[in-house]
Amino acid sequence: MAHFPATPSAAAATGHRVSPSPRSSASLPRRTTLLPSIGAAGGPPSRSWRGAAAAVRAATGSDNKAASAGTIINPNDVPVLSFSEVAERLGTFQASGARNQNYMAMYSSIFGGITTDPSAMVIPIDDHMVHRGHGVFDTAAIMDGHLYELEQHLDRFLRSALMAKIPLPFGRSTMRSMLIQTVSVSNCTQGSLRYWLSVGPGDFQLSSSGCANPALYAVVIESPSIQVPSGCKVVTSSIPIKSSHFAVMKSVNYLPNALTKFEGEENGAFTGIWLDDEGFVAEGSNMNVGFVTAGKELLMPRFDKILSGCTAKRVLTLAEQLVADGRLSRIISRNVSVQEGKAADEMMLIGSGILVKPVVQWDDQIIGSGQEGPIAQALYDLILEDMRSGPPSVRIPVPY
Ligand SMILES: Cc1ncc(COP(=O)(O)O)c(C=O)c1O
């Protein structure tokens, strides 16, 4: 059986090509317990997952340990721990239920393999992705045992890495194979795959010249539930939008995005909407925006100053069917003013976490009838159908 080299440098040093052949099920423990529903877009923790965590606590009697692991009782008596004691406490932290999502597997080029133990899903603190934000990431949904639009997300991932000057630790096909193997080992058939490329660990400088090896990390997150597309409110964000150079790449610098989401939620909305430097509609915190005009056009801002959403691009293709059957008159990408957006018949948020989510209110303005619109619903149905039974160009079967 071929193994991953311990690190990318090991691969390079030995002149060994990384062979991403399938691993035998005997080589890694498989997690078979399916935990209940967790919202894909990072919604509030489901009661059932909290319940499961409570059951783990009850079973392990770890409440006290969890408390002592997380709380310094005596500030002058911080324990000094061995590696195995740290590992034990990481296990206690995991069992405490402090996490509200179910992490099924992680690949790390640091340890050159896959783990299914969430306690071990850690990255080095001197990784420049952690302390300098020098990393990029992307995702892919896992639906019915298939990876949706992995190639499209990988294309963007590699474009982002190029822009962020992150050398690739492995070739594209090797990374693709490692990602698929990570999902396979996870046994997860519904959820998402998240992956990062970092300039790597090495020191705490700003320059990446001391980072010997770029790093690849990937995590599989289980999320069996499919979001029902209920109408939501959005607010215009007061957080400055990233300049186009940074907005078009998917780097880990998501503080503006997190604050835009925070501001939206603080104002009783689902998220915030950014305007660009000319005052035109740009995008949401982690989703694109679309409109249906009174003339039944599907209208989207161009992708030149914002992230080119894989979901939005697929929606633009699938929407051709609605043009063909007369529900839409045409599909167009151009500048959209706030006035035009607020006067639209329909507005929607589009992204891989939410698919297509209707917007029924933007700031104080009710959009259209104030109800979820028929085009948003039709586009949601189309993308869901595409995830379940679309062509091989968007669906890669996972060999479990
Ligand atoms: C800023 C931003 N815009 C748009 C999107 C939508 O992209 P995708 O459909 O590929 O998820 C995302 C997704 O994370 C994002 O972060």
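All values derive from a computational prediction rather than experimental measurement. (Residues numbered from 1 in each chain as written. Predicted model: local features only at pLDDT ≥ 70, side-chain atom pairs only at ≥ 80, totals over all residues.)

1. Side note on the overall build of the protein chain
Put simply, the test is: Under the DSSP-based scheme used, a helix requires at least four consecutive residues in state H or I and a strand at least two consecutive residues in state E, with every element numbered from the N terminus. In this scheme the burial state of a residue depends on its C-beta neighbours within 10 Å: 20 or more other such atoms mean buried, 12 or fewer mean exposed, and anything in between means partly exposed; the C-beta positions come from the backbone. Once C-beta atoms have been placed from the backbone, residue pairs whose C-beta atoms lie within 7 Å are recorded as contacts.
What the protein chain contains, in helices and strands, is 13 helices and 16 strands. Taken across its 400 residues, the protein chain has 41% of its residues classed as buried. Of the contacts made within the protein chain by residues no fewer than 6 positions apart, 71% connect residues no fewer than 24 positions apart.

2. Details of the site of the ligand
Quick note on the threshold: Residues are classed as near a molecule or strand if the C-beta position derived from their backbone is within 6 Å of it. Only Asp, Glu, Lys and Arg are considered charged in this grouping, and only Ala, Val, Leu, Ile, Met, Phe, Trp, Tyr, Cys and Pro are considered nonpolar; every other residue, Gly among them, is considered polar.
Close to the ligand lie Asn-257, Glu-283, Asn-286, Met-287, Asn-288, Leu-307, Gly-309, Cys-310, Thr-311, Ala-312, Gly-351 and Ser-352. If you tally residues by element for the shell around the ligand, the top one is helix H10 (residues 310-318), at three residues. Looking at the shell around the ligand residue by residue, the class counts come to four nonpolar, seven polar and one charged.

3. Here's the deal with the pairing of strand S7 (residues 232-236)
The following threshold applies: Strands are labelled as partners when DSSP assigns at least two bridges between them.
In this sheet, strand S14 (residues 355-362) lies alongside S7 in parallel orientation, the contact comprising three bridges. In the strand pairing of S14, Cys-232 is matched with Val-359. Summarising the sheet, S7 and strand S8 (residues 271-275) pair through three bridges and their orientation is parallel. Its bridge partner being in S8, Val-235 is matched across the sheet by Gly-272.

4. As for the environment of Gly-135
Following the sequence through the fold, Gly-135 ends up in strand S3 (residues 135-143). A C-alpha to C-alpha distance of 5.7 Å links Gly-135 and Ser-251, two positions 116 residues apart in sequence. The contacts of Gly-135, once residues within four sequence positions are left out, are Met-129, Trp-196, Leu-197, Ser-198, Val-199, Ser-251 and Val-252.

5. Description of the confidence of the model for the protein chain
Here is the rule we go by: The predictor attaches a confidence to each residue, called pLDDT, with possible values from 0 through 100.
In the predicted model, the protein chain carries a mean pLDDT of 86, and 82% of its residues have values of at least 70. Segment residues 1-68: pLDDT under 50, and 102 contacts once partners within four positions in sequence are set aside and those in other chains are kept.

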